[in-house]
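Architecture at a glance
So the chains spell out like this:
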Amino acid sequence: MEHELFWGMPVILYLFLAGMGAGSTVVGASMMLRGGGGPRGVHHEIARYGALLGPIPVIVGVLAIIFELGSWNVGHYFRFINLFLVMNLSPMSVGSWLLVAFIITSLMFAYSYLRFMPMPFGDRLKWRVALAWINIPLGIGVAIYTGVLLGAMPSRPFWNSPMLAFLFLISALSTGTALIIFARAFVTRGGLSEEKREEVHKSGYILASTDTEMIGFEILAVFLFLMFAYLTVGDVRYAVATILPGGELASMFWIGVVLIGLVIPGLLELYAVAPSLIYKRKYTVSRWTEMAIALAVIFGGFVLRYVVVTAGQITGPVGI
Amino acid sequence: MVIDARRCYGVQACTVACKAEYKVPLGENRSWVEEIEKGNYPATSRSFLPRLCNHCDEPACVPVCPTGATYKRAEDGIVVIDKNICIGCKYCVQACPYDMRFVNEDTGTADKCDFCIHRVSQGLDPACVEACPSRARIFGDLNDPESEVSKLVAENPVTVLRPEKGTEPNVYYIGADHTDEHDVVAETMYVDVKTHRRYEERR
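Residues numbered from 1 in each chain as written. Chains lettered and ligands numbered in written order. Predicted model: local features only at pLDDT ≥ 70, side-chain atom pairs only at ≥ 80, totals over all residues.

1. Focus on the overall build of chain B
To be explicit about the condition: A helix here means a DSSP run of H or I that spans at least four residues, while a strand means a run of E at least two residues long, and both kinds are numbered starting from the N terminus. The globule rule used here is 2.2 Å times the number of residues to the 0.38 power, and the radius of gyration it is set against is calculated over C-alpha atoms. Put plainly, a residue is buried at 20 or more neighbouring C-beta atoms within 10 Å of its own, exposed at 12 or fewer, and partly exposed in between, counting only other residues' C-beta atoms, which are placed from the backbone. In this description, any two residues whose backbone-derived C-beta atoms lie within 7 Å of each other are considered to be in contact.
Broken down by element type, chain B carries six helices and 11 strands. Relative to a compact globule of 203 residues, whose C-alpha radius of gyration would be 17 Å, chain B shows 17 Å and is just as compact. Residues counted as buried form 41% of the 203 residues belonging to chain B. Contacts spanning at least 24 positions in sequence make up 57% of the contacts within chain B whose residues lie at least 6 apart.

Encoded structure:
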């Protein structure tokens, strides 16, 4: 059945990319602070990937929604500036300001990791620590507001749940971690020295265990979202039926999000992490496995946004 | 506005008058009449539900607007969209529990019924009210206790659409059929609702 979708692929892409980018910066910044902010070492490696990757998807996503605006499509290319002439409590207004702030600070954070560029004001390491402290709350804000944006409307019962923002935040952190895992595995080549290989495995272990934890929380968030929607009556129950077995988006949700995006990568990562976690064995996972797991998580994050954005729009209030 | 659904027999004169007044793009309507068919033979019925913006006291579309382009006018309570400010983000389209808003392809902005502000401010009735052959639509000032609409609201059992959304609509219906397709999913009764919008399902 053909449906009326006012928010299509650009918005879905934006919600996914902004979440992933913000998650990647947040994970990178937290890793850096966890490692003490030193110029080298395992945590530094992870933080560098996170900081350098983070802003890219966010900027791509923002461009996607600007091109999607009705005013852009009729030739008013700079009408979107109107967003920044006022400040109100619309989640979109708050989100736009957050996004601008985050894009600027995350670019500065990324810049501080470009070693060949001059650092004009003061010490590079001190800048990194300060920017990390700024980027973590801003990044969490960006990731969470995508869920608040959708959740703020009683007219869209599928979205109108406090769990949605939480789910989007966890998914953002998880896909952000997966992006770092993927990029790191993609860049790492064979033939490293013993010492270097040790370090690669160590950071791989930290990332994989982080992602396992996130996936665990995400499964919990999905469960709570579904359960509380299913246990109500009326609008929300009718809306959530679209992703429950028999619903229009059920196979996409259960196969794309739950199976490929959560259960399979979750189990694989648990299988990879458990020997080191429990028996203190060395973490040895091939880079191809790492890349496959990361891609599955990223794919799942995208399908999650697709299912949520679509399901919210094909359902509405019941009764007139 | 008061809509006496008992008088409506679905000629769509209001839909056409509104379309002619605003030249909205093909497929879109600011106001329309829904047709509700229900029941199993021989106990069947067909009723009509004229639809337009409710100009709510607590509009869901206004607080979500990030630019302040849509607002409720203080002087007459009409919810309007400033086409020179609206960026076409479609947030208000999602937020309206009545699906009254759409994006006008010509202007790239959100669009909806504005009670024919250009006519009302000159003391005329809105185009749909003027066109209705059976006087099913009655327009007036609800704050004036002597007006026809106030008397109708006071003297008749009236309903509003989706009151549970807390929007406090200002379009009152007399004798409206609130049957929805979703009301009877589990039963065997036949219900079909046709909305006369680009997408015919009612959400």
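2. With respect to the packing of helix α2 (residues 42-53) of chain A against helix α8 (residues 194-230) of chain A
Residue and element names in this part refer to chain A. Which entries qualify depends on this criterion: Angles shown run from 0 to 180 degrees and are taken between the N-to-C directions of axes, each axis being a line fitted to C-alpha atoms and, for helices, limited to the stretch in contact. Crossing handedness is defined as follows: a turn of the near helix away from the far one that is anticlockwise and smaller than a right angle gives a left-handed crossing, while the clockwise case is right-handed. Under this grouping Gly is polar, as are all residues other than the nonpolar Ala, Val, Leu, Ile, Met, Phe, Trp, Tyr, Cys and Pro and the charged Asp, Glu, Lys and Arg.
α8 packs onto α2 with a crossing angle of 65 degrees between their chain directions and a minimal axis gap of 9 Å. Considering the relative orientation of α2 and α8, their crossing is right-handed. Residues V42, E45 and I46 of α2 touch α8, and the partners they reach there are E199, K202, S203, I206 and L207. Partitioned by chemical class, the residues of the contact of α2 with α8 number four nonpolar, one polar and three charged.

3. Observations regarding the interface of chain A and chain B
Contacts between chain A and chain B engage 33 residues on the former and 34 residues on the latter. Looking at the side of chain A that touches chain B, the elements that each hand over two or more residues are α4 (70-73) and α5 (91-111) of chain A. The residue makeup of the side of chain A that touches chain B, split by class, is 16 nonpolar, 13 polar and four charged.

4. Regarding unusual backbone geometry
Residues and elements named next belong to chain B. Here the amide bond leading from Y41 into P42 is cis, since omega sits at 5 degrees, within 30 degrees of zero. Its place among the elements puts P42 in the loop between β2 (32-40) and β3 (43-51). We note that H55 has phi near 45 degrees; this positive angle belongs to a residue other than glycine. Structurally, H55 is set in the loop between β3 and α2 (61-64). Not every positive phi belongs to a glycine, and R162 is a case in point at roughly 45 degrees. The class for R162 is buried, based on 21 C-beta atoms found within 10 Å.

5. Regarding the sheet that holds β2(B)
Residue and element names in this part refer to chain B. The line we're drawing: When DSSP locates at least two bridges between a pair of strands, those strands are taken to pair.
Spatial strand order, β3-β2-β11: three strands in an open sheet with antiparallel pairing. One side of each edge strand has no neighbouring strand; the edge strands of this open sheet are β3 and β11 (191-194). The sheet shows a mean angle of 15 degrees between the axes of neighbouring strands, taken without regard to direction. One ladder, built from nine bridges, connects β2 with β3; its direction is antiparallel. Its bridge partner lying in β3, W32 is registered against R51.

6. Notes on helix α6 (residues 124-151) of chain A
To be explicit about the condition: What a helix is expected to span follows from its residue count: subtract one and scale by 1.5 Å. Bend at a residue means the angle formed by two fitted axes: the first through the 7 residues ending at that position, the second through the 7 residues beginning there.
With 28 residues, α6(A) extends 40 Å from end C-alpha to end C-alpha; this agrees with the ideal 40 Å at 1.5 Å per step. At A:Y145, α6(A) shows its maximal kink, close to 30 degrees.

7. What to know about the sheet that holds strand β10 (residues 172-174) of chain B
All names here are of chain B. Strand order across the open sheet formed by four strands is β8-β1-β10-β9, with mixed pairing between neighbours. Of all the strands in the sheet, just β8 (137-138) and β9 (158-159) have a single pairing partner and so form its edges. In the sheet, β9 pairs with β10 via two bridges, with the strands oriented antiparallel. Across the sheet, V158 pairs through a bridge with I174, a residue of β10.

8. Thoughts on helix α7 (residues 162-187) of chain A
For α7(A), built from 26 residues, the straight-helix expectation of 38 Å at 1.5 Å per residue is met to within 8% by its first-to-last C-alpha distance of 38 Å. Counting buried positions along α7(A) yields 20 of 26 residues, so the element is predominantly enclosed.

9. What to know about the confidence of the model for chain B
In plain terms, the rule: Every residue is assigned a pLDDT by the predictor, reflecting its confidence on a scale from 0 to 100.
Per-residue pLDDT for chain B averages 90, and the proportion of residues at 70 or more is 96%. Here the predicted complex scores 0.92 on pTM and 0.89 on ipTM.

10. What about the environment of B:A154?
Residue and element names in this part refer to chain B. Assignment of secondary structure puts A154 in helix α6 (residues 148-155). Given 9 C-beta atoms within a 10 Å radius, A154 is considered exposed. Taking the C-alpha atoms as reference points, A154 and D141, separated by 13 residues in sequence, lie 13 Å from one another.

11. Quick notes on the nonpolar core
Soluble, globular proteins show a tendency: their nonpolar side chains are buried together. Just so we agree on the cut-off: To define a nonpolar core, we join buried Ala, Val, Leu, Ile, Met, Phe, Trp, Tyr and Cys residues through C-beta atoms within 7 Å and take the resulting set.
Among the nonpolar cores identified, the biggest contains 144 residues, and A:V142, A:V307, B:V64 and B:C92 are the most heavily contacted of them. In terms of residue count, the dominant contributor to this core is helix α1 (residues 9-34) of chain A (15 residues). In this structure, B:V64 is in contact with A:S90, A:M92, A:A152, A:M153, B:Y91, B:C92 and B:A95, ignoring residues within four places of it in sequence.

12. Comments concerning the packing of α8(A) against helix α10 (residues 250-279) of chain A
All names here are of chain A. Going by this rule: Orientation is classified from the angle alone, with under 35 degrees giving roughly parallel, over 145 giving roughly antiparallel, 65 to 115 giving roughly perpendicular, and any other angle giving oblique.
Running from N to C, α8 and α10 cross one another at 135 degrees; their axes reach a closest spacing of 9 Å. When the axes of α8 and α10 are compared, the pair comes out oblique. For the crossing formed where α8 meets α10, the hand is left-handed. Between α8 and α10, the residues in contact are Y205, A208, S209, D211, T212, I215, G216, E218, I219 and V222 and V258, L262, P265, G266, E269, L270, A272, V273, S276 and L277, respectively. Looking at side-chain class alone, the contact of α8 with α10 contains 12 nonpolar, five polar and three charged residues.

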